[in-house]
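# Chains, contacts and geometry: an overview
Take a look at the letters that make up each chain.
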Amino acid sequence: RATVITFGTFDLFHKGHLRLLERALDVARSKLGPRVRLVVGVSTDALTYKKKKRVPTVPETERKEIVRSLRCVDVVFDEHSLDAKREYCERYDAQILVMGDDHVGEFDWCGIETVYLPRTVDISTTQRRFAVIKD
Ligand code: C2G
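Let us look at the structure shown here. Please read these numbers as outputs of a predicted model, since none were measured by experiment. (Residues numbered from 1 in each chain as written. Predicted model: local features only at pLDDT ≥ 70, side-chain atom pairs only at ≥ 80, totals over all residues. Heavy atoms only, no water.)

### Considerations on the layout of surface pockets
Roughly 590 Å³ of volume is contained in the largest pocket. Only β1 (2-8), α1 (15-32), α2 (45-52), β4 (96-100) and α5 (125-134) provide two or more residues apiece to the lining of the largest pocket. For the lining of the largest pocket, the leading source of residues is α1, giving four residues. Residue composition of the lining of the largest pocket, grouped by class: seven nonpolar, twelve polar and ten charged. (1 Å grid on protein atoms, 1.4 Å probe; cavity = no way out; pocket = protein on both sides within 12 Å on 5 of 7 lines; lining within 4 Å. Points joined across faces, edges and corners; volume = space filled by probe spheres on them. Helix = DSSP H or I, 4+ residues; strand = E, 2+ residues; numbered from the N terminus. Nonpolar A, V, L, I, M, F, W, Y, C, P; charged D, E, K, R; others polar.)

This is the structure we're talking about:
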């Protein structure tokens, strides 16, 4: 099967995350044919702290469990480093890398076709967290 790969933290999992993953599969099907699998690198707690300077609300084991349970997702693995994308793409034999367009241009160096999809508007983990804290 052809492979599409993506990466993310997926903290306080929301519809923006879900749509990104579903659309990643759609993009891959349109480019590679119907038999594609979606592989997702979920950032470890340590990597999340490094890149965002905060600990995720939901621990990595749970974030992985949630992403793994989705119908559109075939394989989940630990993303330990932002700089190892080329290795991850090779390990899973990925043909396409998909990310949201808040990352435009960031991953063009990975050696495979990279597609940046528009983010879902009006939803983010930060907004969710504030909504929780407000009361
Ligand atoms: N996303 C989206 N719409 C939103 C929120 C997020 O399409 N409203 C997308 C992001 O663009 C990203 C994915 O969902 O492609 C996961 O988002 P995050 O959990 O915020 O992940 P991020 O911290 O961007 O991780 O190696 C790359 C990093 O691990 C990226």
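### A word on the nonpolar core
Soluble, globular proteins show a tendency: their nonpolar side chains are buried together. Formed by 22 residues in total, the largest nonpolar core has its most connected members in V4, L21, L38, V40, V67 and V73. Listing elements by their share of this core, those giving two or more residues are β1, α1, β2 (36-43), β4 and β5 (113-117). Counting residues per element, this core draws most heavily on α1, at six residues. Leaving out residues up to four positions away in the same chain, V4 has contacts with A24, L25, A28, R37, L38, V39, I96 and V98. (Core = buried A, V, L, I, M, F, W, Y, C linked by side-chain atoms within 4.5 Å. Buried < 20%, exposed > 50% of the residue type's maximum accessible area, 1.4 Å probe, protein only. Contact = heavy atoms within 4.5 Å.)

### Topic: unusual backbone geometry
Even without being a glycine, F10 presents a positive backbone phi close to 55°. By the secondary structure assignment, F10 is in the loop between β1 and α1. A positive phi angle is found at D122, which is not glycine, with a value near 65°. Its place among the elements puts D122 in the loop between β5 and α5. Given the relative accessible area of 71%, D122 is considered exposed.

### Considerations on the environment of H80
Tracing the backbone through its elements, the reader meets H80 in the loop between β3 (75-79) and α4 (85-91). Each C-alpha atom, one on H80 and one on R119, is 24 Å from the other, the two residues being 39 residues apart in sequence. Aside from chain neighbours lying at most four places away, what touches H80 is T44, L47 and Y88.

### What about the packing of aromatic side chains?
Applying the stated criterion across every chain yields a total of five aromatic pairs. Ring geometry for F7 and Y88: centres 5.9 Å apart, planes at 40°, overall tilted. Separated by 81 residues along the polypeptide, F7 in strand β1 and Y88 in helix α4 bring together distant segments of the chain. Look at F7 and you get buried, because its relative accessible area is 5%. What makes Y88 buried here is its relative accessible area of 4%. Ring geometry for F10 against F13: centres 6.2 Å apart, planes inclined by 35°, an arrangement best described as tilted. Chaining the aromatic ring pairs together yields one cluster made of F7, F77, Y88 and Y92. Its guanidinium or amino end placed over the ring of F7, K85 lies 4.8 Å from that ring's centre, counting from NZ or CZ. (Phe/Tyr/Trp six-rings, centres within 6.5 Å; stacked < 30°, edge-to-face > 60°. Lys NZ or Arg CZ within 6 Å of the ring centre and 35° of its normal.)

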